[in-house]
There are 2 protein chains.
Amino acid sequence: MIGAGKTRFGPSTHAMPRLAQEAILGALDDAGMSIEDVEAFIVANFLGGPNESQLHLNSVIAGLFPDVRRPGWRVEAACASGGAAVHQAVHMLAAYDPILVIGVERLSGRPSGELTRNIGMAGDVTLDQLQGLNFPASYALVAQRHMQRYGTRTEDFEILSLKNHANAQLNPLAHFYHKQVSQSDIDCGATVATPLRLFDCCPVSDGASAVILSAEAIDARSVPLIGTGLSTDVISLAQRYEHTTFASAREAARMAYAQAGISPAGIDFAEVHDCFTIAEIVAMEDLGLAAPGEAVELIRAGQTSIGGALPINPSGGLKAGGHAISATGVGQVYEVCKQLRGEAGERQVRDSRVAVTHNVGGVGGTCAVQVLGRPT
Amino acid sequence: MIGAGKTRFGPSTHAMPRLAQEAILGALDDAGMSIEDVEAFIVANFLGGPNESQLHLNSVIAGLFPDVRRPGWRVEAACASGGAAVHQAVHMLAAYDPILVIGVERLSGRPSGELTRNIGMAGDVTLDQLQGLNFPASYALVAQRHMQRYGTRTEDFEILSLKNHANAQLNPLAHFYHKQVSQSDIDCGATVATPLRLFDCCPVSDGASAVILSAEAIDARSVPLIGTGLSTDVISLAQRYEHTTFASAREAARMAYAQAGISPAGIDFAEVHDCFTIAEIVAMEDLGLAAPGEAVELIRAGQTSIGGALPINPSGGLKAGGHAISATGVGQVYEVCKQLRGEAGERQVRDSRVAVTHNVGGVGGTCAVQVLGRPT
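Some thoughts on the overall build of chain A
Consideration 1: Check the secondary structure of chain A and you find 13 helices and 11 strands.
Consideration 2: Relative to the compact-globule value of 21 Å for 376 residues, chain A shows a C-alpha radius of gyration of 19 Å, a close match.
Consideration 3: Reported as C-alpha extents along the three principal axes, the dimensions of chain A are approximately 55 × 45 × 40 Å.
Consideration 4: When burial is assessed residue by residue, chain A has 62% of its 376 residues classed as buried.

Re unusual backbone geometry
Consideration 1: In this structure, Pro98(B) follows Asp97(B) across a cis peptide bond, with omega equal to 5°.
Consideration 2: By the element assignment, Pro98(B) lies in the loop between α4 (81-90) and β4 (99-105).
Consideration 3: In this model, Thr194(B) is joined to Pro195(B) through a cis peptide bond whose omega is 10°.
Consideration 4: Its identity is not glycine, yet Ser53(A) carries a phi of approximately 55°, on the positive side.
Consideration 5: Considering the arrangement of structural elements, one finds Ser53(A) in the loop between α2 (48-52) and α3 (57-62).
Consideration 6: One non-glycine residue with positive phi stands out, namely Asp351(B), at about 55°.
Consideration 7: On the secondary structure map, Asp351(B) appears in the loop between α13 (325-341) and β10 (354-361).

Here's the deal with the interface of chain B and chain A
Consideration 1: Across the boundary between the two partners, chain B contributes 47 residues, which contact 47 residues of chain A.
Consideration 2: For the side of chain B that touches chain A, the secondary structure elements donating two or more residues are α2 (48-52), α3 (57-62), β3 (72-76), α4, β8 (225-232) and α9 (247-260) of chain B.
Consideration 3: For the side of chain B that touches chain A, the element with the most residues is β3(B), which contributes five residues.
Consideration 4: Split into classes, the residues belonging to the side of chain B that touches chain A amount to 22 nonpolar, 19 polar and six charged.
Consideration 5: Two strands pair when backbone bridges link them, and strand β3 (residues 72-76) of chain A and β3(B) are joined in this way by three bridges, in the antiparallel orientation. Note on β3(B): the bridge partner recorded for Arg74(A) is Glu76(B).

Concerning the sheet that holds strand β10 (residues 354-361) of chain A
Residue and element names in this part refer to chain A.
Consideration 1: The strand order β8-β11-β10-β9 describes an open sheet built from four strands, whose pairing is mixed. At either end of the open sheet lies a strand with only one pairing partner, and these are β8 (225-232) and β9 (269-271). Along the sheet, successive strands turn relative to each other by an average axial angle of 15°, direction set aside.
Consideration 2: Looking at chain direction, β9 and β10 are connected through three bridges and run parallel. By the bridge assignment, Phe-269 is partnered in β10 with Ala-355.
Consideration 3: Lying on the sheet, helix α9 (residues 247-260) is in contact with β8, β10 and β11 (366-373); it crosses β8 at an angle near 155°.

Focus: helix α10 (residues 277-286) of chain B
All names here are of chain B.
Consideration 1: Of all 10 residues making up α10, 10 are buried, and the element is well covered by its neighbours.
Consideration 2: What α10 keeps buried is the set Thr-277, Ile-278, Ala-279, Glu-280, Ile-281, Val-282, Ala-283, Met-284, Glu-285 and Asp-286.
Consideration 3: Next to the buried residues of α10 lie α6 (135-150), α7 (154-168), α9, α11 (295-300), α12 (317-321) and β10.
Consideration 4: Gly-288 sits one or two residues past α10 and shows a positive phi near 80°.

Observations concerning the sheet that holds β10(B)
Residues and elements named next belong to chain B.
Consideration 1: In space, the four strands of this open sheet follow the order β8-β11-β10-β9, with mixed pairing throughout. If you trace the sheet from one side to the other, it starts and ends with β8 and β9 (269-271), each paired once. If you compare each strand with its neighbour and ignore which way they point, the axes differ by 15° on average.
Consideration 2: Each of β8, β10 and β11 (366-373) touches α9; the most contacted strand, β8, lies at about 155° to it.
Consideration 3: Where α13 meets the sheet, it contacts β9, β10 and β11, and its direction lies at approximately 170° from that of β10.

What to know about the relation of the copies chain B and chain A
Consideration 1: Under the fitted operation, chain B is carried onto chain A by 0.0 Å of movement along the axis and a turn of 180°, and the coordinates agree to an RMSD of 0.0 Å. Both chain copies can therefore be described as sitting about a two-fold axis.
Consideration 2: The share of interface residues of chain B whose copies in chain A are also at the interface is 100%, consistent with both copies meeting through the same surface.

Some remarks on the packing of α4(B) against α13(B)
Residue and element names in this part refer to chain B.
Consideration 1: Contact pair α4 / α13: the axes reach a minimum separation of 5 Å and the direction vectors enclose 50°. It follows that α4 is oblique to α13 by the angle criterion. Between α4 and α13, the contacting residues are Ser-81, Gly-82, Gly-83, Ala-85 and Val-86 on the first element and Ile-325, Ser-326, Ala-327, Thr-328, Gly-329, Val-330 and Val-333 on the second.
Consideration 2: Grouping the constituent residues of the contact of α4 with α13 by class yields six nonpolar, six polar and no charged.

Let's talk about α9(B)
Residue and element names in this part refer to chain B.
Consideration 1: Compared with an ideal rise of 1.5 Å per residue, which puts 14 residues at 20 Å, α9 spans 20 Å between its outermost C-alpha atoms and is within 8% of the ideal.
Consideration 2: When we look at burial in α9, the residues that qualify are Ser-248, Ala-249, Arg-250, Glu-251, Ala-252, Ala-253, Ala-256, Tyr-257 and Ala-260.
Consideration 3: Looking at the buried side of α9, the elements it contacts are β8, α10, β10 and β11.

Things to note about the confidence of the model for chain A
Consideration 1: For chain A, the mean per-residue pLDDT works out to 97, and 100% of the residues sit at or above 70.
Consideration 2: As scored by the predictor, the complex reaches a pTM of 0.96 and an ipTM of 0.94.

Digging into the pairing of β11(A)
Residues and elements named next belong to chain A.
Consideration 1: Counting buried residues in β11 gives eight out of eight residues, a clear majority hidden from the surface.
Consideration 2: With burial as the criterion, each face of β11 is covered, one bearing Thr-366, Ala-368, Gln-370 and Leu-372 and the other bearing Cys-367, Val-369, Val-371 and Gly-373.
Consideration 3: Sheet topology places β8 next to β11; seven bridges connect them, and they run antiparallel. If you follow Ser-231 over to β11, its bridge partner there is Cys-367.
Consideration 4: Bridge count between β10 and β11: eight bridges; the pairing is antiparallel. For Val-356, the partnering residue across the bridge sits in β11 and is Val-371.
Consideration 5: Hairpin connection from β10 to β11: four residues lie between these consecutive antiparallel strands, with Gly-362 at a positive phi of about 60°.

Calculation criteria
- Counting starts from 1 at the beginning of each chain's written sequence and moves along it residue by residue.
- Going through the entries in the order they are written, you letter the chains from A and number the ligands from 1.
- Residues qualify for local features only when their pLDDT is at least 70, as the model is predicted, and side-chain atom pairs are given and counted only at 80 or more; totals for whole chains, interfaces and linings, by contrast, use all residues.
- Runs of E in the DSSP output that reach at least two residues are strands. Runs of H or I that reach at least four are helices, and both are numbered from the N terminus.
- Radius of gyration here uses only the C-alpha atoms, and the compact-globule reference equals 2.2 Å multiplied by the residue count raised to the power 0.38.
- Labels follow a simple rule on C-beta atoms placed from the backbone: if 20 or more others lie within 10 Å of a residue's own, it is buried; if 12 or fewer, it is exposed; otherwise it is partly exposed.
- Here, residues touch in the contact sense if the C-beta positions derived from the backbone fall within 7 Å of one another.
- Gly falls in the polar group here, along with every residue not listed as nonpolar (Ala, Val, Leu, Ile, Met, Phe, Trp, Tyr, Cys, Pro) or charged (Asp, Glu, Lys, Arg).
- Paired strands, in this sense, are two strands between which DSSP finds at least two bridges.
- Each axis is a line fitted through C-alpha atoms, taken for helices only over the stretch in contact, and angles between the N-to-C directions span 0 to 180 degrees.
- In this comparison the copies share one frame, found by least squares on the C-alpha atoms of residues holding pLDDT of at least 70 in both.
- An angle below 35 degrees is treated as roughly parallel, one above 145 as roughly antiparallel, one from 65 to 115 as roughly perpendicular, and anything else as oblique.
- An expected span of 1.5 Å times one less than the residue number is assigned to each helix.
- Confidence of the predictor at the level of single residues is captured by pLDDT, which takes values from 0 to 100.

So this is what it looks like as structure tokens:
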């Protein structure tokens, strides 16, 4: 990874091309190159059609640089679109080098009912969503099952939410950078879907992220991407055997670790897909960072804070950093890159050599996992 | 290319997963393999979100084969989604082999105003579509400019339309297989956007196509895919310098020919993106099969018919074979495969060794070109 750029996540008045442009120019600047140097580009986007009435985004992005014609296309795998695009780019470097990956999403400005319906397109529309099993309800089922099976408590969700909000206050690009969240805020939070309350849920954000990948390092700031995995699972929860773990995430992690030649014990910190607080717990267990049911022990002991033994979501995660759907997976790679270079400022994790990203689509219908190492 | 399957194009009562399943099972059967043998899959789809309220189609398709977990994602590049997915698959064979590419689309069952609006998402929504420059209007401008510059006539469009309808009557999977079209039908066609009339426009179809790619031939029926190209251009016509040719198509063809080591003179027949009759003329010129302004001479002389020196769209093309958007580009590769194997029945082109496919998104915002050769 030779360059990375990102907009702030949160409500924006900018249209998608303008958001993408800011992230692209940031990544190009970071890599010290110009758009002419890029051989191909991949645009990750989920809701451009239903929300913004604009598809064919590779051609829209091409319009930002009218005299540069390159192979480009859009990738979509619900909220895992960004991680899927990075996975794909890694496997296409033999054909195109360097490759620019852009994740962009615009979610604000829509009535909430329409937005809920549109986000529901990431789930099984006929079997699940139309029956009322929208995403908060789906993850509430995951949470209930996890609580029954392992004794996980709502207090665990609260510790996790406070931790991610505290981290976001150290991240100027976070959605809730300026928002201080206390235990009493959490206590006052409305119930969204039992047991999940307001502060168990991530916000919807506008934003864009971009990274540039090359097979060779260009300088001492190049961050080695040493493993990538991607897997899919059936979309409907009704077709699943288990609901406290995602098979796609376990398989994607297995692939990424095998390529990187590491085990979960070799990981120093992680950026994971905490669209709901319970999802961060499931993520830690699916990534093998804790045994099933045991992630809460690390959380209760404060080990997943920035200063702990295994920091999770030092950026604030989706919960407080924001969730600009397709920009999220690419943004995780951006974030890990900043950390491994030692450029993360106040939220810097110390002495980290290997980090993992974990980006989920739907309720585990797709998962992408990437492993990155410290620049050498 | 080791396997190919395709549904009939045209109005269907089947949902997208059922259409995709039929094409996938056809391709697997053709290759003599089972789904377990496939290492990764790519789903090309354009309007699943706006039309069918279903995104995350890689997970939906995974649900057809619930016990098989593979890396998969969706690719979108408007009407070039299928060709873009094939291009990508070719460049990922080092990572995954074999790869299954599925193009699927469902367009029927929507009110025509809504469908026009949704298809408009392939163009620049703010600069072009909302100003009334929808796709028939855009291609009408291309036609007007071509007529002014080169003396192309509406009679040329009519010859071309009659030729493609005649070809479709030889293709049992064509949208208009059962429809006989005469000169008097064309004469009675309503004006859609001057100079384009009803029989200058392709229909919207439901359908799916699937192909399986591998780096190695598996038997004497494997069809070598010897070149692939993909390029993008700015999306808005207002940003273009020229309107009688598509820069993306010329660049994609250049890339594909260079990889195949051929010149346009080496091509025996072509399946091109004739969403409107004028588009077939532009395609022939962009592919270098005729000099600018000279494609009409081949058309007038009957050389582009199945029995001619350079058959174009022996399947009936989009015009009469049907246009199931993302299934179209994959379907072109299916069609060329059947032809080069000598399995095309009544529409068989004789003595052909090399063929080209040409799949356009928007008004040339994206173009994918593939070159295939006869099995050896």
